[in-house]
Amino acid sequence: MPLIQIHGMIDPHTHLRDLDWANKATFASETQAAIAAGYWAVFDMPNTAPSTTDEVRLNDKLGRLDRDAHCDWGLYFGASQADNSDAYEKIASRVCGLKIYNNSTTGDLLIHRQSDRERHYRAWSANKLIAVHAEEETVRDILALVRKYRQPTHFLHISSAREIDLLTQAKEDGLPVTIGVCPHHLFLTEDDLATLGPYGLMKPPLKTKADQQALWQAISLGVVDIIESDHAPHTFAEKESDAPPYGVPGLDTTLPLMLRAVSDGRLSLEQAINMLSRNVQRIWRISPLPKTYTLVDTEYSYVVERKNLHTKCGWSPFEGLRVYGKIREVWIRGHLVFDGDNVLSSPGFGRNLFGLVA
């Protein structure tokens, strides 16, 4: 049995839901799903209901995760249209970064004017990363701010050849930028929408085969830093409604899909491990903990089916696809938290990797 250890897998891009969206998923259900998928920690985005845009909401969310999380975790604070930058100095030490939504999103989080974006860049802590949702030419706008302020910036869910071109040049220019890519953009294209229907709706949307090829090429050249799931569960009823929401779950399938890519010769096992663990630790300045690892049978093959998913929503856009990798054990801080079949940690076992709960 070809077992390998991956030390400290982290998904820095998840939407764990809970709060007013507990019908979709909860902090408890999705941190259990994360452990079963091999993760040590997950970072949760601020576009929840309500949005994480002030200290009261942040403290509420920190407290709920401290009580309910099965794995270790981090939270993003959201830049808001109402200009909440006066809170940054006080909260920065307790979060994994600032999230700025520069393209379509929910609530009061869309920052569409460049002058407003600059105000947030100017106010944010120089020692903490900014993560951005920026698509197509908006990437150029954000790069102008990175060039001016030299603020480390992670570009989330990059999905097109144009975005890759802009960011490759930015890296060649020495700008402090990093790039995340999602499995759904690597394994699906707009051609799959005819089959997937609303279960293939997401932001950014699925792109062309040429865009997909550009992502794989960027991975092979070492331009892409991270494989992130953008885990965004919705219920069956919501997806099958007259106005289906955007987003797809991804925690369960990220590692198996990347191991399929390894089996297919698209990348090396070392590259996959770097993008799922080591690079995340480096970018977020996290020291790997002792006795925190995932034991994986890399040659175990299976077809994605609803019965082998752990996310509360119970579906995947990858159903029917053959993938690789069986999680045999997950250890966090010397504790066995997954035995290959069951999550063994209790609610509240997980720790905030970015400071103490207020």
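The rules behind each value
Residues numbered from 1 in each chain as written. Predicted model: local features only at pLDDT ≥ 70, side-chain atom pairs only at ≥ 80, totals over all residues. Heavy atoms only, no water. Helix = DSSP H or I, 4+ residues; strand = E, 2+ residues; numbered from the N terminus. Rg over C-alpha atoms; globule rule 2.2 N^0.38 Å. Buried < 20%, exposed > 50% of the residue type's maximum accessible area, 1.4 Å probe, protein only. Contact = heavy atoms within 4.5 Å. Areas by Shrake-Rupley, 256 points an atom, 1.4 Å probe, with all protein chains shown as cover. Lys, Arg positive; Asp, Glu negative; His and termini not counted. Charge placed at Lys NZ, Arg CZ, Asp CG, Glu CD. Pairing = 2+ DSSP bridges. Axes fitted to C-alpha atoms, helices over the stretch in contact; angles between N-to-C directions. Salt bridge = Lys/Arg side-chain N within 4 Å of Asp/Glu carboxyl O. Phe/Tyr/Trp six-rings, centres within 6.5 Å; stacked < 30°, edge-to-face > 60°. Expected span 1.5 Å × (residues − 1). Right-handed = clockwise from strand over helix to strand, strands pointing away. Parallel < 35°, antiparallel > 145°, perpendicular 65-115°, else oblique. Left-handed = near helix turned anticlockwise from the far one by under 90°. Nonpolar A, V, L, I, M, F, W, Y, C, P; charged D, E, K, R; others polar.

Asker: Which parts of the structure should I look at to understand the overall build of the protein?
Answerer: In terms of regular secondary structure, the protein is built from 12 helices and 12 strands. Computed over the C-alpha atoms, the radius of gyration of the protein is 19 Å, within 12% of the 21 Å expected from 2.2 N^0.38 for a compact globule of 358 residues. Evaluated residue by residue, the protein yields a buried proportion of 59% over its 358 residues. Expressed as a percentage of contacts within the protein between residues at least 6 apart in sequence, the contacts between residues at least 24 apart total 73%. For the protein, the accessible surface area stands at approximately 13,800 Å², while carbon and sulfur atoms represent 49% of it. For the protein, the centre of its 38 positive side-chain charges and the centre of its 45 negative side-chain charges are spaced 3 Å apart.

Asker: What exactly am I supposed to notice about the sheet that holds strand β9 (residues 226-227) here?
Answerer: Strand-to-strand pairing in sheets goes through backbone hydrogen bonds, with the strands running parallel or antiparallel. The strand order across the open sheet built from eight strands is β2-β3-β4-β5-β6-β7-β8-β9, with neighbouring strands paired in parallel fashion. If you trace the sheet from one side to the other, it starts and ends with β2 (10-14) and β9, each paired once. As defined by bridge partners, strand β5 (residues 97-101) adjoins strand β6 (residues 130-133) across four bridges and the pair is classed as parallel. In the strand pairing of β6, Y101 is matched with H133. Lying on the sheet, helix α2 (residues 55-68) is in contact with β3 (41-44) and β4 (72-78); it crosses β4 at an angle near 165°.

Asker: Explain the pattern of salt bridges to me, please; I cannot follow it from the model alone.
Answerer: Charged atoms that come close allow side chains of opposite charge to pair. According to the stated counting rule, one finds 24 salt bridges in the structure shown. Its salt-bridge partner being K24, residue E238 comes within 2.9 Å of it at the nearest N-O pair. Taken as a pair, E238 in helix α10 (residues 236-239) and K24 in the loop between β2 and α1 (27-36) lie far apart in primary sequence, 214 residues in all. Salt-bridge contacts for D173 lead to R147; the nearest nitrogen and oxygen are separated by 3.3 Å.

Asker: Hey, could you run me through the packing of aromatic side chains in this one?
Answerer: Tallied over the entire structure, the rule returns nine aromatic pairs. Ring centres 5.7 Å apart and planes at 65° place the aromatic pair F43 and W284 in the edge-to-face group. Of this pair, F43 sits in strand β3 while W284 sits in the loop between α12 (269-283) and β10 (293-303), and the two are 241 residues apart along the sequence. Given a relative accessible area of 6%, W284 falls into the buried group. With a centroid separation of 6.2 Å and an interplanar angle of 90°, the aromatic rings of F77 and Y88 are classed as edge-to-face. Of this pair, F77 sits in strand β4 while Y88 is found in helix α3 (residues 88-91), placing the two residues 11 residues apart along the sequence. Just as F77 is buried, Y88 falls in that class too.

Asker: Help me out: how do you make sense of helix α6 (residues 161-172) in this one?
Answerer: Working note: α-helix, 3.6 residues per turn, so residues spaced by three or four point in the same direction. Between its first and last C-alpha, α6 extends 16 Å over 12 residues, near the 16 Å set by a 1.5 Å rise per residue. Contact partners of the buried residues in α6: α5 (137-149), β7 (153-155), β8 (177-181) and α9 (209-220).

Asker: Got a minute to help me understand the environment of D341 in this structure?
Answerer: For D341, the position within the fold is in the segment after β12 (335-338). For D341, a relative accessible area of 59% translates into the label exposed. A sequence separation of 102 residues divides D341 from K239, and the C-alpha atoms of the two residues are 29 Å apart.

Asker: How should α9 be read in this particular structure?
Answerer: In this model α9 runs 17 Å from its N-terminal to its C-terminal C-alpha over 12 residues, within 8% of the 16 Å that 1.5 Å per residue would give. Within α9 the residues assigned to the buried category are D211, Q212, A214, L215, W216, A218 and I219. On its buried face, α9 sits against α6, β8, α7 (183-187), β9, α11 (254-263) and α12.

Asker: Could you clarify how one ought to interpret the pairing of β6 in this entry?
Answerer: For a regular strand, the rule is simple: side chains alternate between the two faces of the sheet. Along β6, one buried face is formed by I130 and V132 and the opposite face, lined by A131 and H133, is buried too. As defined by bridge partners, β6 adjoins β7 across three bridges and the pair is classed as parallel. Counterpart to I130 in the pairing with β7 is T153. As a crossover connection, the stretch from β6 through α5 into β7 is right-handed.

Asker: Mind showing me how you'd approach the sheet that holds β10 here?
Answerer: Taken in spatial order, the four strands line up as β1-β10-β11-β12 in an open sheet, and their pairing is antiparallel. Each of the sheet's edge strands pairs with one partner strand only, and the pair in question is β1 (3-7) and β12. Each adjacent strand pair in this sheet contributes to an overall mean axis angle of 35°, direction not counted. Across the sheet, α11 is in contact with β1, β10 and β11 (322-332); its angle to β11 comes to roughly 125°.

Asker: What should I look at first to understand the packing of α5 against α6 in this one?
Answerer: Think of two packed helices as two axes; the pair is described by the angle between the axes and how far apart they sit. Their axes nearest at 8 Å, the elements α5 and α6 cross at an angle of 20°. It follows that α5 is roughly parallel to α6 by the angle criterion. When you trace α5 past α6, the crossing you get is right-handed. The residues of α6 that touch α5, namely those facing E137, V139, R140 and L143, are R162, E163, L166, L167 and A170. Broken down by class, the residue content of the contact of α5 with α6 amounts to five nonpolar, no polar and four charged.

These figures come from the coordinates and say nothing about function on their own.
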